[in-house]
Amino acid sequence: MTLNEFLSEWHNDDDRVLVHTSGSTGLPKPLWVEKRRMEASARITCRFLGLQPGDTALLCMPLDYIAGKMMVVRALTCGLRLIDVPPSGHPLADVDTFGTPVTFAAMVPLQVYNSLQVSTERERLMQIRHLIIGGGAVDDSLARQLQSFPHAVWSTYGMTETLSHIALRRLNGPEASDWYTPFPSVGVSLTAEGCLVIHAPQVCQHPLVTNDIAELQAAESASDDSPASPRRFRILGRKDNTICSGGLKIQIEEVERMLRPHLSQPYLITKCKDAKFGEAVVLLTEGPADEAQSVCERVLPRHWHPRHYLSVPRIPMTETGKPARKEAERMAQ
């Protein structure tokens, strides 16, 4: 979708916009969302970040998905000056041609990583006053490279159903944290299984039960246990990314996190059915399987060791840069 196509859709007489989920845990699905709720989300983000009319906002993500659409809606709703560049792995390559610094930008981790590898793009990245990173996990090595940035760098939490993000956590400076802070109008709670529940009436009509296993931390100002109380939370992993092997529950993201400092080749942890254990851990890698096995046996707890190592031509990813978990599971069978 082009910017003109989205603007035409935004300004038509329909009070809803069609968006599609990213497909990170299954097939992408269509979703109709109300324009007034998208406007509410835009105001919440701009207010939280202190953005003012006339500030510049960089649009560098596809308009086929909610993240790109919301950048345009924030500009329209809050009077930001939109800088539109084609979606690419190097969104800052030609930004100087606009002759103005970027106040606000949203990128996926791959775009940030690529920009850090080129000195001119790194300098431009450092000049952005508010950089938000979403669409995938920000790994520890990337976070370390951002730690010294002079302006605010944020990791976002949200999904298509919440019209982009509903919480942010700082990645740099003295406020850096593993904990997400929900926006003031957003409350969070947990299900009996430990899954995060989002209460965001301005952007989502009903409470949204996620598949994310989370831990809550009451904010200092919280005085009760109601869902509206301000709380912080951190994500431990996804409910559907839990491997039940021999009676033990193994969280896929935790295994990947432990391997990250030791495996340089692209890899993904998934699972397959196992007659003895019920489910077994599987490692997909684009590199030699024997090298991956050596690393796993050295750094992982014994009960986390993959039972199968598969070399694959490519690690399956969605169009928005997230691991395609369902496809990976099919490859492992």
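Residues numbered from 1 in each chain as written. Predicted model: local features only at pLDDT ≥ 70, side-chain atom pairs only at ≥ 80, totals over all residues. Heavy atoms only, no water.

(A) Local environment of the side chain of Asn241. When you line up the elements, Asn241 lands in the loop between strand E13 (231-238) and strand E14 (242-245). Residue classification places Asn241 among the buried residues on the basis of a relative accessible area of 4%. With residues up to four places along the chain from it excluded, the contact list for Asn241 reads Ile250, Gln251, Ile252, Glu253 and Arg325. (Helix = DSSP H or I, 4+ residues; strand = E, 2+ residues; numbered from the N terminus. Buried < 20%, exposed > 50% of the residue type's maximum accessible area, 1.4 Å probe, protein only. Contact = heavy atoms within 4.5 Å.)

(B) Structural detail: the pattern of salt bridges. Per the counting criterion, the structure on display carries 13 salt bridges. Between Arg129 and Asp55 there is a salt bridge, with its nearest N and O atoms 3.3 Å apart. Residue Arg129 is located in the loop between helix H5 (119-127) and strand E6 (130-133), and its partner Asp55 is located in the loop between helix H2 (35-49) and strand E3 (56-59); the two are separated by 74 residues in the primary sequence. In this structure Arg129 comes out as partly exposed when scored by relative accessible area, which is 33%. A salt bridge links Lys271 to Glu279, with the nearest nitrogen and oxygen atoms 3.5 Å apart. (Salt bridge = Lys/Arg side-chain N within 4 Å of Asp/Glu carboxyl O.)

(C) Looking closely at the nonpolar core. With 70 residues, the main nonpolar core has Leu58 and Met107 as its most contacted residues. In contact with Met107, not counting residues within four places along its chain, are Leu58, Cys60, Met61, Pro91, Leu92, Val112, Leu125, Ile128, Leu131, Ile132, Ile133 and Gly134. Counting 16 residues, the second largest nonpolar core, distinct from the first, contains Tyr267, Leu283, Ala292 and Trp304. (Core = buried A, V, L, I, M, F, W, Y, C linked by side-chain atoms within 4.5 Å.)

(D) Spotlight on helix H3 (residues 66-78). With 13 residues, H3 ought to run about 18 Å at 1.5 Å a step, and its terminal C-alpha atoms sit 17 Å apart, in line with that. Within H3 the residues assigned to the buried category are Ile66, Gly68, Lys69, Met70, Met71, Val72, Val73, Arg74, Ala75 and Cys78. (Expected span 1.5 Å × (residues − 1).)

(E) Summary view of the packing of aromatic side chains. All told, the structure shown has six aromatic pairs when counted by the stated rule. Both rings, one in Tyr180 and one in Phe233, keep their centres 5.5 Å apart while their planes meet at 20°; by these two values the pair is stacked. Placement of Tyr180 in the loop between strand E8 (164-170) and strand E9 (181-182) and of Phe233 in strand E13 is noted, with a sequence separation of 53 residues between them. For Tyr180, a relative accessible area of 10% gives the class buried. In this structure an aromatic cluster arises from ring pairing among Phe48, Trp154 and Phe183. (Phe/Tyr/Trp six-rings, centres within 6.5 Å; stacked < 30°, edge-to-face > 60°.)

(F) Summary view of the packing of helix H1 (residues 3-10) against H3. As a packed pair, H1 and H3 sit with axes 11 Å apart at the nearest point and diverge in direction by 60°. Judged by the twist between their axes, the crossing of H1 over H3 is right-handed. Touching Leu3, Phe6, Leu7, Glu9 and Trp10 of H1 are Lys69, Val72, Val73 and Leu76, all from H3. Here the contact of H1 with H3 is built from residues that sort into seven nonpolar, no polar and two charged. (Axes fitted to C-alpha atoms, helices over the stretch in contact; angles between N-to-C directions. Left-handed = near helix turned anticlockwise from the far one by under 90°. Nonpolar A, V, L, I, M, F, W, Y, C, P; charged D, E, K, R; others polar.)

(G) Spotlight on the pairing of E14. Alignment of E14 against strand E15 (residues 248-251), held across four bridges, turns out to be antiparallel. Among the inter-strand pairings, Cys244 is bridged to a residue of E15, identified as Lys249. The antiparallel pairing of E14 with E15 creates a hairpin that spans two residues between the two strands, and Gly246 there sits at a positive phi of about 60°. (Pairing = 2+ DSSP bridges.)

(H) Highlighting the sheet that holds strand E12 (residues 208-218). On the basis of which strands lie adjacent, the open sheet formed by four strands has the order E10-E11-E12-E13 and antiparallel pairing. Two strands in the sheet have a free side with no partner beyond their single neighbour: strand E10 (187-190) and E13. Strand-to-strand twist in this sheet, taken as the mean axis angle between neighbours without regard to direction, amounts to 55°. Of the pairings in the sheet, the one linking E10 to strand E11 (residues 195-199) comprises four bridges and is antiparallel in character. Directly across from Val188, in E11, lies its bridge partner Ile198.

(I) Looking closely at the packing of helix H4 (residues 109-116) against H5. Running from amino to carboxyl end, H4 crosses H5 at an angle of 125°, the nearest separation of the two axes being 7 Å. When the interaxial angle is binned, H4 and H5 end up oblique. Side by side, H4 and H5 meet where Val112, Asn114, Ser115 and Leu116 of the first sit next to Glu121, Arg122 and Leu125 of the second. In terms of residue class, the contact of H4 with H5 is built from three nonpolar, two polar and two charged. (Parallel < 35°, antiparallel > 145°, perpendicular 65-115°, else oblique.)

(J) A look at helix H7 (residues 252-259). Those residues of H7 that sit buried are Ile252, Glu253, Val255, Glu256 and Leu259. An end-on view of H7 places all buried positions within 160° of arc, on one side of the element. (Arc of directions from axis to C-beta.)

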